[in-house]
Amino acid sequence: MSAEQKLKDLGLELPAMVAPMANYVRFRKAGDLVFLSGQGPRNPDGSIPNGKVGGEFTTEQAYDFARNTGLGLLAAMKEAAGSLDKVEVIKLLGMVNAVPEYGDQPKVINGCSDLLVAVLGENGRHARSAVGMGSLPGNMPVEIEAIIRVLP
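Treat the numbers as computed from the prediction; the structure is a model and nothing was measured.

This part is about the pairing of strand 4 (residues 127-133). Note that strand 3 (residues 87-97) and strand 4 share 7 bridges and pair parallel. Looking across to strand 4, one finds that Met95 is bridged to Val131.

Pasting the structure below:
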């Protein structure tokens, strides 16, 4: 089954790509590797949620934010590779804007990781870091960047 069909079966669709917030590009290719710029979650109206995990947001809410961010990363992957069926995820860096005593960053970033595996299967399995941050741009709760490989 294609990745696009898996998205449909999950009741999901890829969001429209938004312009970068500063002087950078959405992705950069180096051979068959593609480095995706960090993304955060978007509300249905396009705005960015803001607040800290462990403060304004629960782990469960932040998991959903990471899943939402994963949809944005999938959209960038499709743009970079031409098809999600040609994507292999190599590495994720998940950053969680959290209160200092928060320690469940891996549970949050699982929102993105679980989505990638659900949509891409074995090609969605990846190495990963999940870290806490004192702040993120716009006070967003989650930011995730990725390295992918474009398959022949």
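Now that the structure has been shown, we can carry on.
This part covers the nonpolar core. Residues Leu36, Leu74, Met77, Val108 and Leu120 are the most contacted members of the largest nonpolar core, which totals 37 residues. Elements with a minimum of two residues in this core: helix 1 (3-9), strand 2 (33-39), helix 2 (59-81), strand 3, helix 3 (105-120) and strand 5 (142-150). It is helix 2 that provides the largest number of residues to this core, a total of 10 residues. Apart from the residues lying within four places of it in its own chain, the contact partners of Leu74 are Leu7, Leu14, Leu84, Leu115, Leu116, Val119 and Leu120.

Attention now goes to the packing of aromatic side chains. According to the stated counting rule, one finds 1 aromatic pair in the structure shown. Ring plane angle 80° and centroid distance 4.8 Å describe the contact between Phe57 and Phe65, whose orientation is recorded as edge-to-face. Look at Phe57 and you get buried, because its relative accessible area is 13%.

Time to look at the UniProt feature "domain: Endoribonuclease L-PSP/chorismate mutase-like" (unreviewed entry) in the protein chain. Taking the UniProt record as the reference, the feature "domain: Endoribonuclease L-PSP/chorismate mutase-like" (unreviewed entry) is found at residues 5-133. With 34% helix and 22% strand, the stretch residues 5-133 has end C-alpha atoms that lie 35 Å from each other.

For the coordinates displayed, the defined rule picks out 6 salt bridges. Where Asp104 meets Lys107, a salt bridge forms, and the shortest distance between an N and an O atom there is 4.0 Å. A single salt-bridge network, built from bridges that share partners, covers Asp32, Glu88 and Arg149.

Our next topic: helix 3. For helix 3, built from 16 residues, the straight-helix expectation of 22 Å at 1.5 Å per residue is met to within 8% by its first-to-last C-alpha distance of 23 Å. Of all the bends found along helix 3, the most pronounced is centred on Gly111 and spans about 35°. Among all positions of helix 3, only Gln105, Val108, Ile109, Gly111, Cys112, Ser113, Leu115, Leu116, Val119 and Leu120 are buried. Immediately beyond the C-terminal end of helix 3, within one or two residues, lies Gly121, with a positive phi of roughly 65°.

Right, let's get into the packing of helix 2 against helix 3. The contact between helix 2 and helix 3 brings their axes to 7 Å, and the two run at 40°. Classified by the angle between their axes, helix 2 and helix 3 sit oblique to one another. The interaxial crossing formed by helix 2 with helix 3 has right-handed handedness. On helix 3, the residues touching Thr59, Ala62, Tyr63, Ala66, Arg67, Gly70, Leu71, Leu73, Leu74 and Met77 of helix 2 are Lys107, Val108, Ile109, Asn110, Gly111, Cys112, Asp114, Leu115, Leu116, Val119 and Leu120.

Conventions we followed
Residues numbered from 1 in each chain as written. Predicted model: local features only at pLDDT ≥ 70, side-chain atom pairs only at ≥ 80, totals over all residues. Heavy atoms only, no water. Pairing = 2+ DSSP bridges. Helix = DSSP H or I, 4+ residues; strand = E, 2+ residues; numbered from the N terminus. Core = buried A, V, L, I, M, F, W, Y, C linked by side-chain atoms within 4.5 Å. Buried < 20%, exposed > 50% of the residue type's maximum accessible area, 1.4 Å probe, protein only. Contact = heavy atoms within 4.5 Å. Phe/Tyr/Trp six-rings, centres within 6.5 Å; stacked < 30°, edge-to-face > 60°. UniProt positions renumbered as here; feature names shortened; annotations may be inferred. Salt bridge = Lys/Arg side-chain N within 4 Å of Asp/Glu carboxyl O. Expected span 1.5 Å × (residues − 1). Bend = angle between axes of the 7 residues up to and from the residue. Axes fitted to C-alpha atoms, helices over the stretch in contact; angles between N-to-C directions. Parallel < 35°, antiparallel > 145°, perpendicular 65-115°, else oblique. Left-handed = near helix turned anticlockwise from the far one by under 90°.

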